[in-house]
Amino acid sequence: MANQQQHGSLLEAEKTRLQPPPMYKVLLLNDDYTPMDFVVTVLQTVFAMSREKATYVMLQVHRQGMGVCGTYTREVAVAKVDQVVDIARRHQHPLQCTMEET
């Protein structure tokens, strides 16, 4: 943008660089009580995973203690975590979901 003269003073356009928003990983945590089929269903429902992908993530949670469900902006990640916790509570399962910045 060109410099502009306004009432005797010089105005310069400021160049601002927009940075992408920070991203957050949504993680499912393993427990000894939530059925594997329920976890697969949650992954399919909340994260729109195929049955194969959901099964892969569920096994990762089971074997490694946690699994990554997806990477999202903060607002979307918070909503996904809330959805998982709400569904688990409604079905009386102790499934835990959390998020961390990437």
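Up top is the structure these notes are about.
Rules of the game
Residues numbered from 1 in each chain as written. Predicted model: local features only at pLDDT ≥ 70, side-chain atom pairs only at ≥ 80, totals over all residues. Heavy atoms only, no water. Pairing = 2+ DSSP bridges. Helix = DSSP H or I, 4+ residues; strand = E, 2+ residues; numbered from the N terminus. Axes fitted to C-alpha atoms, helices over the stretch in contact; angles between N-to-C directions. Expected span 1.5 Å × (residues − 1). Contact = heavy atoms within 4.5 Å.

(A) Local environment of the sheet that holds strand β4 (residues 66-73). Strand order in the open sheet formed by 3 strands is β4-β3-β5, with antiparallel pairing between adjacent strands. Each having just a single partner strand, β4 and β5 (96-101) make up the two edges of the open sheet. Between one strand and the next, the sheet's axes are offset by a mean angle of 25 degrees, whatever the strand orientation. The pairing of strand β3 (residues 23-29) with β4 spans 7 bridges and is antiparallel. Following the sheet pairing, V26 is matched in β4 by G70.

(B) Highlighting helix α2 (residues 51-64). Between its first and last C-alpha, α2 extends 20 Å over 14 residues, near the 20 Å set by a 1.5 Å rise per residue. Buried residues in α2 make contact with β3, α1 (36-47) and β4. Directly after α2, the chain includes G65, whose backbone phi takes a positive value near 90 degrees.

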